[in-house]
Amino acid sequence: QVQLVESGGGAVQAGGTLRLSCAVFGNSYGTNCMGWFRQAPGKEREGVATLRFDGRTTYLDSVQDRFSISRDVAKNTLYLEMNDLKREDMAMYYCAGAPSTAYCYYYTNATRFPYWGQGTQVTVSS
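Per chain, residue numbering runs from 1 following the sequence as it is written. Two thresholds apply to this predicted model, a pLDDT of at least 70 for residue-level local features and 80 or more for giving and counting side-chain atom pairs, whereas whole-chain, interface and lining totals are computed over all residues. Calculated side-chain values reflect all of the structure's heavy atoms, with hydrogen atoms and water omitted.

Caption draft 1: Representation of the state of the cysteines in the model. The disulfide definition used here is simple: a pair of cysteine sulfur atoms within 2.5 Å. Enumeration over the complete set of coordinates arrives at 2 disulfides. Disulfide pairing is shown between cysteine 22 and cysteine 95; the S-S distance is 2.1 Å. Classification of the bridge connecting cysteine 22 and cysteine 95 rests on its S-S torsion, roughly -75 degrees, and on that basis the disulfide is left-handed. Within this pair, whereas cysteine 22 is found in strand 3 (residues 18-26), its partner cysteine 95 is found in strand 9 (residues 91-98), the two being separated by 73 residues in sequence. Covalently, cysteine 33 is tied to cysteine 104 through a disulfide, its sulfur atoms 2.1 Å apart. Judged by the sign of its S-S torsion, about 90 degrees, the bond between cysteine 33 and cysteine 104 is right-handed. Placement of cysteine 33 in strand 4 (residues 33-39) and of cysteine 104 in the loop between strand 9 and strand 10 (115-116) is noted, with a sequence separation of 71 residues between them. An identical accessibility class is assigned to cysteine 33 and cysteine 104; each is buried. Every helix listed is a DSSP run of H or I at least four residues long, and every strand listed is a run of E at least two residues long, numbered separately from the N terminus. The rule is simple: take the accessible area with a 1.4 Å probe, protein chains only, and divide by the maximum for that residue type; under 20% is buried, over 50% is exposed, in between is partly exposed.

Dropping the structure here:
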């Protein structure tokens, strides 16, 4: 079993920076693929970035040059560094994990990820 706990959300002005963290507890096999998803009010949950155990990453086009996903294995923590934040980035952000790397892409349906955190809110003001 895997438990994920996000932190680091908050309120920033457009152009600002935030770093989200996701602490991983339990069987690391369940996190061969990890990702960040987000959901804004009235919108579907969308994938933002994924990271495979071998370091391969994928990103949503609109965040490609601004966000960076990484993992500190020693600390069992996943990160999402978000730079130059825009109003359209405002959402609840969720950390997710999956044992399989077969669908480790940002555009993969969220149902492929069995493990989820509770979410952390990111608010961007203009």
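Caption draft 2: Expanded view of the sheet that holds strand 8 (residues 77-82). Paired strands are those between which DSSP finds at least two bridges. Read from one edge of the open sheet, 4 strands run 1-3-8-7, paired in antiparallel fashion. Edge positions in the sheet fall to strand 1 (2-7) and strand 7 (67-72), since each of these pairs with one other strand and no more. Between one strand and the next, the sheet's axes are offset by a mean angle of 20 degrees, whatever the strand orientation. For strand 7 and strand 8, the ladder comprises 6 bridges, and the chain directions are antiparallel. Paired with phenylalanine 67 across the bridge in strand 8 is methionine 82. Axis definition: a line fitted to C-alpha atoms, over the contacting stretch in the case of helices. Angles run 0 to 180 degrees between N-to-C directions.

Caption draft 3: Geometry of the side chain of threonine 58. Of note, threonine 58 is situated in strand 6 (residues 57-59). Its relative accessible area of 12% is what places threonine 58 among the buried residues. Polar contact is the term for a pair of N or O atoms within 3.5 Å; when the atoms are in protein, one must be able to donate a hydrogen and the other to accept it, and sequence-neighboring residues count only if both atoms are side-chain atoms. Looking at threonine 58, its side chain comes within polar contact range of the side chain of threonine 50, at 2.5 Å. A distance of 2.9 Å separates a polar side-chain atom of threonine 58 from the backbone nitrogen of tyrosine 106. Throughout, a residue-residue contact means that at least one pair of heavy atoms, one from each residue, lies within 4.5 Å. Leaving out residues up to four positions away in the same chain, threonine 58 has contacts with Val48, Ala49, Thr50, Cys104, Tyr105 and Tyr106.

Caption draft 4: Focus on the pattern of salt bridges. The term salt bridge refers to a pairing of a side-chain nitrogen on Lys or Arg with a carboxyl oxygen on Asp or Glu at a separation within 4 Å. This model, assessed by the stated rule, comprises 5 salt bridges. A salt bridge links glutamate 46 to arginine 38, with the shortest nitrogen-to-oxygen separation between them at 2.7 Å. We classify glutamate 46 as partly exposed; its relative accessible area is 30%. What makes arginine 38 buried here is its relative accessible area of 5%. Within the structure, one salt-bridge network assembled from shared partners comprises Arg38, Glu46, Arg66 and Asp89.

Shape descriptors only; they carry no functional weight alone.
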